[in-house]
Amino acid sequence: MSKQIGQTAQAIRLYQQSINLFPNSPDAYSNLGNHLREIGKLKEAETYMLKSIELKPDFAIAHCNLGNIYKEGAIFAEAELYYRNAISIDPQYAMAFFYLGTLLI
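It should be emphasised that the depicted structure is a prediction, and the values quoted were computed from it without experimental measurement.

Enquirer: Just to check I follow, could you spell out the environment of Asn85 for this structure?
Expert: Structurally, the position occupied by Asn85 is in helix H5 (residues 76-89). Placed 38 residues apart in sequence, Asn85 and Thr47 show a C-alpha to C-alpha distance of 18 Å.

Written out as structure tokens, the structure is:
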């Protein structure tokens, strides 16, 4: 196992523990979703990111992260929707514009 994969696996375990301790933390769900996306578990990542958004609907970062999950899963219409959601929540969120732009070119 590579060092990065080992670190990602450890981060996943820690965020799962964090969710057990703090089940209403949108940040923990979003971070767990990102790490699951990194190892290709897109469906699981989607579930955690949607929970993050459920807990904090105006969480622009989670909307953008969900867009990344959909983009990697080739669900481009949903990716665009969530990038645009992130931008509407935070018009200064440059990464959401970047990811939307890379999707649309």
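Enquirer: How do you make sense of the pattern of salt bridges when you look at a structure like this?
Expert: Any two side chains of opposite charge can pair if their charged atoms end up close together. Counted by the stated rule, this structure contains four salt bridges. Put simply, Arg84 and Glu80 hold a salt bridge, and the shortest N to O gap is 2.9 Å. Pair noted here: Arg84 and Glu80 are both in helix H5, with a separation of four residues, about one helical turn. Looking at Arg84, the relative accessible area reads 42%, which means it is partly exposed.

Enquirer: Explain the nonpolar core to me, please; I cannot follow it from the model alone.
Expert: In summary, soluble globular proteins display a tendency toward joint burial of nonpolar side chains. The biggest cluster of nonpolar side chains holds 25 residues, and the ones touching the most others in it are Cys64, Leu66, Tyr83, Ala86, Tyr93 and Ala96. The element best represented in this core is helix H4 (residues 60-72), accounting for six residues. Apart from the residues lying within four places of it in its own chain, the contact partners of Cys64 are Tyr82, Tyr83, Ala86, Tyr93, Met95, Ala96 and Tyr99.

Enquirer: It is not clear to me how the environment of Leu66 should be interpreted in this structure. Could you clarify?
Expert: Within the secondary structure, Leu66 is located in helix H4. Through-space distance from the C-alpha of Leu66 to that of Ala9 is 20 Å; in sequence the pair is 57 residues apart. Not counting the four nearest positions on each side in its chain, Leu66 is found in contact with Glu46, Met49, Leu50, Ile53 and Tyr82.

Conventions used here
- Residues numbered from 1 in each chain as written.
- Predicted model: local features only at pLDDT ≥ 70, side-chain atom pairs only at ≥ 80, totals over all residues.
- Heavy atoms only, no water.
- Helix = DSSP H or I, 4+ residues; strand = E, 2+ residues; numbered from the N terminus.
- Salt bridge = Lys/Arg side-chain N within 4 Å of Asp/Glu carboxyl O.
- Buried < 20%, exposed > 50% of the residue type's maximum accessible area, 1.4 Å probe, protein only.
- Core = buried A, V, L, I, M, F, W, Y, C linked by side-chain atoms within 4.5 Å.
- Contact = heavy atoms within 4.5 Å.

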